[in-house]
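For reference, the chains in residue letters:
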Amino acid sequence: MSLPATTYTATGPFAEGWQWLTDPANWQGPMGIPVRITEHLGYSALTLLISVAIAVPIGLYVGHTGRGRVVVVSLAGLLRALPTLGIMTLFALMATSTLSLMPAIWSLVLLAVPPILTGTYAGISAVDPQIVDAARSMGMTGRQVLFRVEVPNGLAVILGGFRSAVLQVVATVAVVAFISLGGLGRFIIDGLAVQDYGQVLGGAVVIACVAIALDGVLALLQRLAVSPGLKEPAGTPEPAARTRIHP
Amino acid sequence: MQWFLANLPQVLALSGSHLVQAVVPLALSVVIAVPLAQLARLNKGLGAFILSAGSLLYTVPSLALFVILPGILGTKILDFANIIVALTIYAVALLVRSTLDALNSVDDGVRQSATAMGFRPLQRFLAVDLPLSVPVLFSGLRVISVSNISLVTVGALLGIPSLGFFFTDGLQRNFPTEIVVGIVGTLVLALLMDLVLVLLQRLLTPWLRTATPAPTAPTATPTTAAQPGVAA
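The rules behind these values
- Residues numbered from 1 in each chain as written.
- Chains lettered and ligands numbered in written order.
- Predicted model: local features only at pLDDT ≥ 70, side-chain atom pairs only at ≥ 80, totals over all residues.
- Heavy atoms only, no water.
- Helix = DSSP H or I, 4+ residues; strand = E, 2+ residues; numbered from the N terminus.
- Buried < 20%, exposed > 50% of the residue type's maximum accessible area, 1.4 Å probe, protein only.
- Contact = heavy atoms within 4.5 Å.
- Areas by Shrake-Rupley, 256 points an atom, 1.4 Å probe, with all protein chains shown as cover.
- Buried area = accessible area lost by both parts, 1.4 Å probe.
- Polar contact = N/O pair within 3.5 Å; in protein donor to acceptor, adjacent residues only side chain to side chain.
- Nonpolar A, V, L, I, M, F, W, Y, C, P; charged D, E, K, R; others polar.
- UniProt positions renumbered as here; feature names shortened; annotations may be inferred.
- Salt bridge = Lys/Arg side-chain N within 4 Å of Asp/Glu carboxyl O.
- Axes fitted to C-alpha atoms, helices over the stretch in contact; angles between N-to-C directions.
- Parallel < 35°, antiparallel > 145°, perpendicular 65-115°, else oblique.
- Phe/Tyr/Trp six-rings, centres within 6.5 Å; stacked < 30°, edge-to-face > 60°.
- Patch = residues over 30% accessible without salt bridge, like charges linked within 9 Å, V, L, I, M, F, W, Y side chains within 5 Å.
- Left-handed = near helix turned anticlockwise from the far one by under 90°.

S.K.: Any details on the overall build of chain A? Residues and values, ideally.
M.R.: Each helix and strand counted, chain A has 9 helices and 0 strands in total. Helices and strands in chain A line up, N terminus first, as α-α-α-α-α-α-α-α-α. Of all 247 residues assigned to chain A, the portion counted as buried reaches 52%. Within chain A, residue pairs in contact and separated by at least 24 positions form 74% of the contacts whose partners lie at least 6 positions apart. Per element, the accessible surface of chain A, about 10900 Å² overall, is 68% carbon and sulfur.

Here it is as structure tokens:
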């Protein structure tokens, strides 16, 4: 069920971790590092797809109309306080099949919805009301105001919320290995089980690198996607952008 | 409910160690982040370095950090210290930024009057700048406190005692009640910590209670607005 154990010639945690990382056997086969990275990113992508489909329309609606503000803010706050590990284990127990993926995905969705929702809502409602009024008086319909004015103007904040959701989801997917799924957390959980600290440390380093690389790509995208007319909106709140609630 | 009452001593013991692992990083982060923020304010280059180092460390997933730290610190994998150091790192990364915003939001006129009244730099920092930053500082602390309470449960995967034990144990024993007790317990702890922080903030900012209208004046800075939904 796991990789062929690396025979360590080195001693000390970091030397072992390095040896594990550079052992070619760990980079191939159905349980090798590349496959685990693909699984990890796959789970994350599925979670984010569902979360965006839920949170963005609600956030756009609330931001555009101003209705349901209080509900959204307090609901998001409540969701943030939920321990994802607990929700995940609970969902896993309630599911019919112990090995199914969806219970874990739903618990991750609960984690990703608040930052995306508050980001979208805050991005839309932070747009200067004068700009919105100007758009209306030019004869734009509600839909045109939303998609041609409010969304482009609020994009930096909206993407900030998304980026923070990605960060949290990628970090938390490491935990799903505990309920017998794949992903990069496998190396940590399996390594701990057999006291193979080289594997634990090597796996941890891979997770950290994936998270940092992904965050860097998103930061770049965020910069590219935002209209050059909105240079450094000084004082624009970056809603909850970097709050870590979960692993 | 029955299970909860029967296991009350264990619930309380685990809540205790859970709280220790969540509160100590919170306290440490204030002690570390405030001087760092002041340093960052005084030296722009150093400030940029501190902020980017912080956001880089912040990106490292907690499960990874929990297991990397024993290698660096020479601690055992089951030590509380790993969780405490990891959470302190996250907390400092977050708090330096909001403290910096808080210190920057202090009115320059106030600062100049304090200097004119004969306050020396350190004295002025402790007696004027810092107290005026308390509301923003605390809004950062409240976010961190909720996140800490939740993150501590992940330590259970490594066998470190906290309410997260009920999640791992409940899963292995196929016993949902136990998991629910763990979730509710975690939520209660988060709520309690938030209440304590709100009370502490009121104690530390008596002038905000006497000011009749506009009680939210200092909290209306961008940093606070940047953390919606903390109140839960």
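S.K.: Which residues make up helix α8 (residues 185-193) of chain A, and what values go with them?
M.R.: When you tally the buried positions in α8(A), you get 7 out of 9 residues, the bulk of the element. Inspection of α8(A) places Gly185(A), Arg186(A), Phe187(A), Ile188(A), Ile189(A), Asp190(A) and Gly191(A) among the buried residues, and these make up the whole buried set. Lining the buried residues of α8(A) we find α1 (13-22), α2 (33-65) and α9 (197-225) of chain A together with α4 (62-73) of chain B. Directly beyond the C-terminal end of α8(A), a positive phi value near 55 degrees is found at Gln195(A).

S.K.: Before we move on, can you summarise the interface of chain B and chain A with the specific residues and values?
M.R.: The interface of chain B with chain A comprises 46 residues on the first partner and 50 residues on the second. Carbon and sulfur atoms make up 80% of the surface buried where chain B meets chain A, a total of about 4000 Å² over both sides. Of all residues in chain B, Tyr58(B), Thr59(B) and Leu171(B) bury the most surface against chain A, accounting for 15% of the area lost on that side. Across the chain B-chain A interface, the total number found is 2 residue pairs in polar contact (both at pLDDT 80 or more). Those elements that place two or more of their residues in the side of chain B that touches chain A are α3 (44-59), α4, α5 (80-104), α7 (121-152), α8 (165-172), α9 (176-204) and α11 (222-225) of chain B. A per-element tally of the side of chain B that touches chain A places α4(B) first, with 8 residues. When its residues are assigned to classes, the side of chain B that touches chain A shows 32 nonpolar, 14 polar and no charged.

S.K.: Quick one: what's the story with the UniProt feature "transmembrane region" (unreviewed entry) in chain A, residue by residue and with numbers?
M.R.: All names here are of chain A. Cross-referencing UniProt, the feature "transmembrane region" (unreviewed entry) maps to residues 41-63, 70-93, 105-124, 145-163, 169-189 and 201-221 in the present numbering. Across residues 70-93, the secondary structure splits into 92% helix and 0% strand, with the terminal C-alpha atoms separated by 33 Å. Along residues 201-221 the backbone is 100% helical and 0% strand, and the end-to-end C-alpha distance reaches 30 Å.

S.K.: Got a sec to walk through the pattern of salt bridges? Specific residues and values, please.
M.R.: Between side chains of opposite charge, a pair can form when the charged atoms approach closely. All names here are of chain A. Under the defined criterion, the tally for this structure stands at 9 salt bridges over all chains. Notably, a salt bridge pairs Arg 36 with Glu 39, separated by 2.9 Å at the nearest N-O pair. Of this pair, Arg 36 and Glu 39 both sit in helix α2, 3 residues apart, which is roughly one turn of that helix. When its relative accessible area of 8% is taken as the criterion, Arg 36 is described as buried.

S.K.: If you had to explain the packing of helix α7 (residues 142-173) of chain A against α9(A) to someone new, which residues and values would you point to?
M.R.: All names here are of chain A. Axis separation between α7 and α9 bottoms out at 10 Å; the angle between their running directions is 170 degrees. Here α7 is positioned roughly antiparallel relative to α9, judged by the angle of their axes. Residues Leu 155, Ala 156, Leu 159, Gly 160, Phe 162, Arg 163, Val 166, Leu 167 and Val 170 of α7 form the contact with α9, whose participating residues are Ala 211, Leu 214, Asp 215, Leu 218, Ala 219, Gln 222 and Ala 225. The residue inventory of the contact of α7 with α9, partitioned by class, reads 12 nonpolar, 2 polar and 2 charged.

S.K.: Explain the environment of Ser107(A) to me, using residue names and the numbers behind them.
M.R.: All names here are of chain A. Structurally, Ser 107 can be placed in helix α5 (residues 102-125). For Ser 107, a relative accessible area of 2% gives the class buried. C-alpha separation for the pair Ser 107 and Met 88, spaced 19 residues apart in sequence, amounts to 5.3 Å. Ser 107 has contacts with Thr 84, Ile 87, Met 88 and Phe 91, leaving out every residue within four places of it along the chain.

S.K.: Residue-level account of the packing of aromatic side chains, with values.
M.R.: All names here are of chain B. Taken as a whole and judged by the stated rule, the model has 5 aromatic pairs over all chains. Considering the side-chain rings of Tyr 58 and Tyr 90, the 5.8 Å spacing of their centres and the 80 degrees angle between planes classify their relative orientation as edge-to-face. Of the two residues, Tyr 58 is situated in helix α3 and Tyr 90 in helix α5; the sequence distance between them amounts to 32 residues. Pairwise contacts between aromatic rings join Trp 3, Phe 165, Phe 166 and Phe 175 into one cluster.

S.K.: Any details on a nonpolar patch on the surface? Residues and values, ideally.
M.R.: Residues and elements named next belong to chain B. On the surface, Val 20, Val 24, Leu 28, Val 31 and Ile 32 cluster together to form a nonpolar patch covering roughly 370 Å² of accessible area. Checked against the element boundaries, Val 31 lands in helix α2 (residues 8-42). Among the residues examined, Val 31 registers a relative accessible area of 60% and is labelled exposed.

S.K.: Can you break down the packing of α2(A) against α7(A) residue by residue, with the values?
M.R.: Residues and elements named next belong to chain A. At a minimum axis distance of 9 Å, the contact between α2 and α7 shows a crossing angle of 145 degrees. In this structure, α2 meets α7 at a crossing whose hand is right-handed. Taking contact as the criterion, the partners of His 40, Tyr 43, Ser 44, Thr 47, Leu 48, Val 52, Leu 60 and His 64 in α2 are, on α7, Gly 142, Val 145, Leu 146, Phe 147, Glu 150, Val 151, Phe 162, Ala 165, Val 166, Val 169, Val 170 and Val 173. Grouping the amino acids of the contact of α2 with α7 by side-chain chemistry returns 14 nonpolar, 5 polar and 1 charged.

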